[in-house]
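Chains, contacts and geometry: an overview
Spelled out from the first residue to the last, the chains are:
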Amino acid sequence: DFQIEYGSTIFDTLRELDVSSQTIQEIVKATRPVFDLSKIPADTDGIAFFTKGPFRTLNQLEVSLSPVKKLHIIWSPENSWQSSIKLVPVVKKLKTYEGTVAMSLWDSAQSAGVNPLIISKLADIFAWQIDFSREVQSGDSWKIVVEELMVDNVFYGYGKILVAEYLKDGHKHTAVRYPADAEKADYYSPDGKSLRRMFLRSPIRYARVSSRFDRKRYHPILRISRPHNGVDYAAAPGTPIKAVGDGVIEFATWRGGNGRMVKIRHNGTYATSYSHLRSFARGLKANSRVQQGQVIGYVGSSGLSTGPHLHFEFYQNGRYVDPLGRHFPSANPIPDSKKQEFGEAVRVAVDLLKKSDGSVAQQQKKG
């Protein structure tokens, strides 16, 4: 076994194993079409195999490019080096997590031993039904079934959330992933309605509403009463801001007291704007298209601002409207031709949620 030390290279490492410079050059040349050995970073592990006998020579190398990918280099009977990349089998194991909110959704996730990435995915799934920046409260409860990926019986990472529940004010929100194994799938309620809506409930995840829509709000800097035609979200500087819907950028520039501002035209009826940004997302410019959930900028305090926050405005037919509490139509439901298949998927998902003993199932390996 060997490990490439910091400041060293695969060439240096093999020389320390008494592999000749000529052999190393032959290996590098033969491997180049598959992988550039000069790009192997420090701390990379590998195994070198040698022939037995007094004249020991290298005949095989195995380099771990990642936990699931290995580079194999072998001396073939045709007197040449052959290389290939092999994928390590990944086993999917289904795991159930559940929690109850005492202080915050984040704290309940930590108490349940859930990785922050997973609780973020939960918030994304229900982003159209629940504004997690202002509607999470003590007593809310949640439950998810998620794929845990194992390599050689060692945890490697998380896969997909197959089914999720969020109980709030006595109302249960349920999300079923369909098709479960497809890379491009969506989440639906058990009756087949898509959880997606035309707009997200909030442009910032986990932010606090510091000022609501108000036609006669007292302005803290100008010290006069003037309309507050939007919603302010207080958040730490640099917090990502997401487009609440698909659309086209009208402008992304400095706009006086609004500071750095982005305005998005979603269709002939709706538009949104985002003000006081610290910076814009890379590549953002007028007339470029953005997708719902895409990061368009970062929270700041540019322009007339008392502190870091996002001022979010929503327009309908060119007029300001209060975005909080509004309901928009959902995306396409399950088509009639798929309802029977989806019904079976719902039955399986509900059965998974009923199991709470940790590891609820074992799935097939994937290469």
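Note that this is a predicted model, so its numbers are computed, not measured. (Residues numbered from 1 in each chain as written. Predicted model: local features only at pLDDT ≥ 70, side-chain atom pairs only at ≥ 80, totals over all residues. Heavy atoms only, no water.)

Focus on the overall build of the protein
What counts is decided by this rule: Runs of H or I in DSSP of at least four residues are treated as helices and runs of E of at least two as strands, each being numbered from the N terminus. Atoms counted for the radius of gyration: C-alpha only. Globule rule: 2.2 Å times the number of residues to the power 0.38. Relative accessibility under 20% of the residue-type maximum defines a buried residue, over 50% an exposed one, and the middle range a partly exposed one, all with a 1.4 Å probe and only protein chains included. Residue contacts are defined here by distance: any two heavy atoms, one from each residue, within 4.5 Å place the two residues in contact. In this description, accessible areas are obtained by the Shrake-Rupley approach with a 1.4 Å probe, and a residue is regarded as covered only by the protein chains that are shown. When charges are counted, Lys and Arg are positive and Asp and Glu negative, with His and the chain ends excluded. Where a charge lies is defined by one atom per residue type, namely NZ (Lys), CZ (Arg), CG (Asp) and CD (Glu).
Each helix and strand in the protein was counted, giving five helices and 23 strands. What you see for the protein is a C-alpha radius of gyration of 27 Å, clearly larger than the 21 Å of a compact globule of 367 residues, by over 25%. Principal-axis analysis of the C-alpha atoms places the extent of the protein at approximately 90 × 50 × 40 Å. Here the protein holds 367 residues, and 44% of them are scored as buried. Residue pairs at least 24 apart in sequence account for 60% of intrachain contacts in the protein once pairs closer than 6 positions are excluded. For the protein, the accessible area works out to roughly 19900 Å², and carbon and sulfur atoms hold 49% of it. The averaged location of the 37 negative side-chain charges in the protein is 8 Å from the averaged location of its 50 positive side-chain charges.

A word on the pattern of salt bridges
Formally: The salt bridge definition used is simple: a Lys or Arg side-chain nitrogen within 4 Å of an Asp or Glu carboxyl oxygen.
Applying the stated criterion across every chain yields a total of 12 salt bridges. As a salt-bridge pair, E147 and K92 come within 3.8 Å of each other at their nearest N and O atoms. Taken together, the residues span a long stretch of sequence, with E147 in strand 7 (residues 141-151) and K92 in strand 6 (residues 90-100) at a distance of 55 residues. Measuring nitrogen to oxygen at the nearest pair gives 3.5 Å for the salt bridge that ties D140 to K168. Taken together, the residues span a long stretch of sequence, with D140 in the loop between helix 4 (116-125) and strand 7 and K168 in strand 8 (residues 154-168) at a distance of 28 residues. Relative accessible area serves as the criterion here: at 11%, K168 is assigned to the buried category. Overlapping salt bridges, with partners in common, bring together K92, E147 and K160 in one network.

Focus: the sheet that holds strand 1 (residues 2-3)
Which entries qualify depends on this criterion: We call two strands paired when DSSP finds no fewer than two bridges between them. Convention adopted: a line fitted to C-alpha atoms gives each axis, helices being fitted over their contacting stretch, and angles between N-to-C directions are expressed from 0 to 180 degrees.
Sheet architecture is open: five strands sit in the order 1-2-3-4-5, paired in antiparallel fashion. Where the open sheet ends on each side, the last strands, each with one partner, are strand 1 and strand 5 (80-87). Sheet analysis places strand 4 (residues 69-76) next to strand 5, joined by eight bridges and oriented antiparallel. Directly across from K69, in strand 5, lies its bridge partner L87. Against the sheet, helix 2 (residues 21-31) touches strand 3 (58-66), strand 4 and strand 5, its axis set at about 55° to strand 5.

As for the packing of aromatic side chains
What counts, and what does not: Between the rings of Phe, Tyr and Trp (Trp by its six-membered ring), a pair exists once the centres lie within 6.5 Å; its type follows the angle of the planes, with under 30 degrees stacked, over 60 edge-to-face, and the other angles tilted. Put simply, a charge is over a ring when the Lys NZ or the Arg CZ is close to the ring centre, within 6 Å, and near the line of the ring normal, within 35 degrees.
Using the criterion set out here, one finds 12 aromatic pairs in the structure. Between F199 and Y270, the aromatic rings sit 5.3 Å apart at their centres with planes inclined by 80°, giving edge-to-face as the arrangement. Of the two residues, F199 is situated in the loop between strand 10 (186-188) and strand 11 (208-211) and Y270 in strand 18 (residues 270-280); the sequence distance between them amounts to 71 residues. Between Y274 and F312, the ring centres sit 5.3 Å apart and the planes meet at 45°, which makes this aromatic pair tilted. Of the two residues, Y274 is situated in strand 18 and F312 in strand 21 (residues 309-316); the sequence distance between them amounts to 38 residues. Judged by its relative accessible area of 0%, Y274 is buried. Counting every residue linked through ring pairs, the aromatic cluster contains F199, Y270, Y274, F312 and F314. The ring of F50 carries the charged tip of R56 above its face, separated from the ring centre by 3.9 Å.

Considering the confidence of the model for the protein
Do not read the fine detail of predicted coordinates wherever pLDDT is low. Note the following rule: As a per-residue quantity, pLDDT reports the predictor's confidence and falls between 0 and 100.
Considering every residue of the protein, the mean pLDDT works out to 88; 93% of them sit at 70 or more. Ranking the elements of the protein by mean pLDDT puts strand 23 (residues 359-366) last with 39 and strand 17 (residues 260-265) first with 98. Segment residues 357-367: pLDDT under 50, and 32 contacts once partners within four positions in sequence are set aside and those in other chains are kept.

Side note on the nonpolar core
The criterion, for reference: Think of a nonpolar core as a cluster: buried Ala, Val, Leu, Ile, Met, Phe, Trp, Tyr and Cys residues, connected wherever their side-chain atoms sit within 4.5 Å.
Counting residues in hydrophobic clusters, the biggest one holds 29 residues, and the most contacted among them are Y233, I241, V262, I264, Y274, I296 and L310. Looking at this core, the elements that each hand over two or more residues are strand 14 (231-234), strand 17, strand 18, strand 20 (295-299) and strand 21. Residues V114, I125, F132 and I161 belong to the second largest nonpolar core, which totals 23 residues.

A look at helix 4
Stated formally: Pairs of N or O atoms are called polar contacts if they sit within 3.5 Å, as long as, within protein, a hydrogen donor faces a hydrogen acceptor (for residues adjacent in sequence, only side-chain-to-side-chain pairs).
For helix 4, every residue scored as buried is listed here: I118, I119, S120, L122, A123 and I125. Tucked into the core, helix 4 has its buried residues touching helix 3 (105-111), strand 7, strand 8, strand 9 (171-178) and strand 10. Of the residues that open helix 4, the one with a side-chain oxygen 2.7 Å from the backbone nitrogen of L117 is N115.

Looking at unusual backbone geometry
The residue after Y178, namely P179, is reached through a cis peptide bond having omega -15°. Here P179 shows up in the loop between strand 9 and strand 10. For N153, which is not glycine, the phi dihedral falls at a positive 65°. If you trace the backbone, N153 turns up in the loop between strand 7 and strand 8. The backbone phi angle of D169 is positive, close to 55°, even though this residue is not glycine. Here D169 is to be found in the loop between strand 8 and strand 9.

Remarks on the environment of W142
Secondary-structure assignment places W142 in strand 7. Along the chain, W142 and S108 lie 34 residues apart, while their C-alpha atoms are 9.2 Å from each other. A distance of 2.9 Å separates a polar atom in the side chain of W142 from a polar atom in the side chain of S108.

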